[in-house]
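Report on the structure
These are the residues of each chain, in order.
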Amino acid sequence: MKLTDERRKELRITLDYTNMTDKYLGGKGISEKTISAHKKLAKNAHAYVNSNRGKDELFMGWTELPYNQSEIVADILTTAKVIRRSFDAFVVLGIGGSALGPSMAFNALCHLHYNDLPKSKRKGPKFYVEDNVDPVRMKELLDVIDVERTCFNVISKSGATSETMAQYLIISDLLKKAGVNIRENVIFTTDAKRGNLVKISRELGGVKSYVLSDGVGGRFSELSPVGLLPAAVCGIDIKALLKGAAFMDKLCKSSDVYKNPALMAATLQYIAMQDGKNIGVLMPYSDNLRYVSDWYAQLWAESLGKNVTLDGKPCHVGQTPVKALGVTDQHSQVQLYTEGPFDKVVTFLSVGSYKEKTPIPHGCENIPDVAFLGGHTMEELIQAENKATAYALTKAGRLNYTINLPEVNEFTLGQLLFFFELQTAYAGAMFNIDTFNQPGVEAGKKATFALLGKPGYELQRSDLEKASSDPDYII
Ligand code: PA5
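Computed from a prediction, not measured in an experiment: that's the story for all the values here. (Residues numbered from 1 in each chain as written. Predicted model: local features only at pLDDT ≥ 70, side-chain atom pairs only at ≥ 80, totals over all residues. Heavy atoms only, no water.)

Quick look at the overall build of the protein
Along its length, the protein carries 20 helices and 12 strands. For 475 residues, the compact-globule formula gives about 23 Å, and the C-alpha radius of gyration of the protein, at 24 Å, lands near that figure. Seen through its principal axes, the protein has C-alpha atoms that stretch 65 × 60 × 60 Å. In the protein, the proportion of contacts linking residues at least 24 apart, taken out of those at least 6 apart, comes to 75%. Surface exposure of the protein reaches about 22500 Å², of which carbon and sulfur atoms provide 54%. A gap of 6 Å separates the mean positions of the 55 positive and 54 negative side-chain charges of the protein. (Helix = DSSP H or I, 4+ residues; strand = E, 2+ residues; numbered from the N terminus. Rg over C-alpha atoms; globule rule 2.2 N^0.38 Å. Contact = heavy atoms within 4.5 Å. Areas by Shrake-Rupley, 256 points an atom, 1.4 Å probe, with all protein chains shown as cover. Lys, Arg positive; Asp, Glu negative; His and termini not counted. Charge placed at Lys NZ, Arg CZ, Asp CG, Glu CD.)

What follows is the structure in structure tokens.
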């Protein structure tokens, strides 16, 4: 992707928070005075994030990913080329932060029916992300791939996540039975030294592996090899993705909330949350951006959903992310957003120019209800509906703001991801919580170990058995 200074300016994503303000929402909006009263908090949050950039011990290594990966990127591009030549399918085995990013980038930047395209029209092998242990899904994946002609990217920082490791056991067994050397068809993305995938690699005589560095947590890992290898395999320009992230980083340099878009978004969300707006809807008006909502839901929920501050005070903060798709959910959830409780902030992702316009031909001239559509394009229609929904919400006094993407491409997606990561880090700093841990997820992982008889979890197992369903309450 050619990125002249002029082109970068054209592709700059912007935050439009008009519809959060009392000027447009009346009494339900946020006043200039309130934003100004939070300027210091925002400045401090910015200072916290800035002064801890790149610190592995604080899980802030992700801030440097746009800058420190040139060797890794070169290696990934070479490997991706080999994979494209050698395999018919590429399967990511991972979950949570090890899967949501690859799915999101694939859907955003590849053809929406990529796997259905003939090989000559695809930039890489068929692509699948298996982020569940639904037995039907696993079995039915095996119905459509030939394991011998498939490259499996096992992504797990810990190498101890039951879901991913169960999938690995199934796949490695199948490869063995097919007489394939596992090393030929498997790539690991994992911790550098710790973790079971490191041991497994050693036992197998050295599996091609990418490192997920200590300071990069799962949900902040899309711009690391976790996301970059799958993306490169599908022909996505990963250098442009990283350049987009670096560009947004620059746009967010200022500690002045009025000059830093991610800091403004975090501040507005913080103010809204303090006022009981504990639901955050993300509504992209683009099928390509649909899974950004899934990726963002994890980032926002797992990072902010905490019960204790950094200085040990109980807090119970966070905002429940809701995924919606424009226009589809206008015909499903928007009724609730417009007339239901005042407990939400709606974030729209709007697209300035879609890669297809798709003209709507004239027709049905005797039926005015239909005829007016002729001569427009589907791009005009979706943009009008986006604007109309924001307008209707605003008229109903509902907090909403828009992130405008001039186009959906690698450079704008990179900007968007970094914007959300910074916004999350700033918001966490405002709440004074540990944005980067996930004790609630770990608790569930451990309970699963206990239920399936992992040694060392016997006590928890007996506790779990006691907590099982009480027949008195089953009808
Ligand atoms: O964000 C996170 O840290 C989690 O969602 C993890 O990515 C997820 O639990 C998978 O963990 P692992 O990569 O260790 O298999």
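Some points on helix α4 (residues 39–51)
The end-to-end C-alpha separation of α4 is 18 Å, in line with the 18 Å expected for 13 residues at 1.5 Å each. Among the residues of α4, those classed as buried are Ala-42, Ala-45, His-46 and Val-49. Viewed end-on, α4 has its buried residues packed into an arc of 100 degrees, placing them on one side of the element. Where the residues of α4 are buried, they touch α13 (261–274) and α18 (410–431). (Expected span 1.5 Å × (residues − 1). Buried < 20%, exposed > 50% of the residue type's maximum accessible area, 1.4 Å probe, protein only. Arc of directions from axis to C-beta.)

Comments concerning the nonpolar core
The tendency in soluble globular proteins is for nonpolar side chains to be buried as a group. If you look at the biggest cluster of nonpolar residues, it comprises 110 residues, and the most contacted ones within it are Trp-62, Ile-403, Leu-413 and Phe-420. For this core, the element with the highest residue contribution is α18, accounting for 13 residues. A domain split of this core shows at least three residues from each of domain 1 (5–56 + 241–355 + 381–431) and domain 2 (62–238). (Core = buried A, V, L, I, M, F, W, Y, C linked by side-chain atoms within 4.5 Å. Domains from an automatic or database assignment.)

Some details on the side chain of Glu-379
Relative to the assigned elements, Glu-379 resides in helix α17 (residues 378–395). Here Lys-357 takes part through its side chain, which lies 2.8 Å from a polar atom of the side chain of Glu-379. Every residue in contact with Glu-379, bar those within four places of it in the chain, is listed here: Gly-352, Ser-353, Tyr-354, Glu-356 and Lys-357. (Polar contact = N/O pair within 3.5 Å; in protein donor to acceptor, adjacent residues only side chain to side chain.)

Points about the site of the ligand
Near the ligand, the surroundings consist of 14 residues, among which Ser-156, Lys-157, Ser-158, Thr-161 and Gln-298 are the closest. At 2.6 Å, a side-chain N or O of Ser-156 approaches an oxygen atom of the ligand. At 3.3 Å, a side-chain N or O of Lys-445 approaches an oxygen atom of the ligand. About the coverage of the ligand: the protein hides 91% of its 380 Å² of free accessible area. A class-by-class count of the residues in the shell around the ligand yields one nonpolar, nine polar and four charged. (Near = heavy atom within 4 Å. Nonpolar A, V, L, I, M, F, W, Y, C, P; charged D, E, K, R; others polar.)

Examining the pattern of salt bridges
Evaluated as defined, the whole model comprises 22 salt bridges. One salt bridge in this structure joins Lys-139 and Asp-143, with 2.8 Å as the shortest N-O distance. Of this pair, Lys-139 and Asp-143 both sit in helix α7 (residues 135–144), four residues apart, roughly one helical turn. With relative accessibility at 51%, the residue Asp-143 sits in the exposed group. A salt bridge links Lys-253 to Asp-249; its shortest N-O distance comes to 3.7 Å. What you see here is one network of salt bridges that share partners, running through Arg-53, Glu-64, Asp-249 and Lys-253. (Salt bridge = Lys/Arg side-chain N within 4 Å of Asp/Glu carboxyl O.)

Overview of the sheet that holds strand β10 (residues 320–323)
Sheet architecture is open: five strands sit in the order β1-β12-β11-β7-β10, paired in mixed fashion. The open sheet has two edge strands, β1 (14–16) and β10, and neither has a second partner. With direction set aside, neighbouring strand axes in the sheet form an average angle of 20 degrees. The sheet strands contacting α17 are β11 (344–351) and β12 (400–405), and the helix crosses β11 at an angle near 160 degrees. (Pairing = 2+ DSSP bridges. Axes fitted to C-alpha atoms, helices over the stretch in contact; angles between N-to-C directions.)

Considerations on the sheet that holds strand β5 (residues 186–190)
Strands belonging to one sheet form pairs held by backbone hydrogen bonds; the direction of such a pair is parallel or antiparallel. Read across the open sheet, the five strands follow the order β3-β2-β4-β5-β6; overall the sheet is parallel. Each of the sheet's edge strands pairs with one partner strand only, and the pair in question is β3 (126–130) and β6 (209–211). Along the sheet, successive strands turn relative to each other by an average axial angle of 15 degrees, direction set aside. In the sheet, β5 pairs with β6 via three bridges, with the strands oriented parallel. Within β6, the position partnered with Thr-190 by the bridge is Val-211. Taken strand by strand, helix α5 (residues 70–86) contacts β2 (89–93), β4 (150–155), β5 and β6, and its axis lies near 150 degrees from that of β6.

Quick look at the domain arrangement of the protein
Domain boundaries assigned for the protein yield domain 1 (5–56 + 241–355 + 381–431), domain 2 (62–238) and domain 3 (442–469). Computed from C-alpha coordinates alone, the two centres of domain 1 and domain 3 are separated by 38 Å.

Some points on unusual backbone geometry
As a rule of thumb, non-glycine residues mostly have phi less than zero, and peptide bonds are mostly trans rather than cis. Omega for the peptide link from Gly-326 to Val-327 comes to 5 degrees, which places this bond in the cis form. Note on placement: Val-327 falls in the loop between β10 and α15 (334–339). Positive phi is not limited to glycine here, since Phe-59 has a value of about 60 degrees. On the secondary structure map, Phe-59 appears in the loop between α4 and α5.

Examining the pairing of strand β9 (residues 314–317)
Sheet topology note: the strand β8 (residues 306–308)/β9 ladder contains two bridges and is antiparallel. Of the residues in β9, the one forming a bridge with Lys-306 is Val-317. In this antiparallel pair of consecutive strands, β8 and β9, the connection spans five residues, and Gly-312 shows a positive phi of 80 degrees.

As for the packing of helix α11 (residues 225–233) against helix α12 (residues 238–251)
Axis angle and axis distance: for two packed helices, these are the angle between their axes and the distance between the axes, and together they describe the pair. Here α11 crosses α12 at 140 degrees, and the two axes come no closer than 9 Å. Viewed along their axes, α11 and α12 adopt a mutual orientation that is oblique. Seen from α11, the contacting residues are Leu-228, Ala-231 and Ala-232; seen from α12, they are Ile-238, Leu-241 and Leu-242. Its residues assigned to classes, the contact of α11 with α12 comprises six nonpolar, no polar and no charged. (Parallel < 35°, antiparallel > 145°, perpendicular 65-115°, else oblique.)

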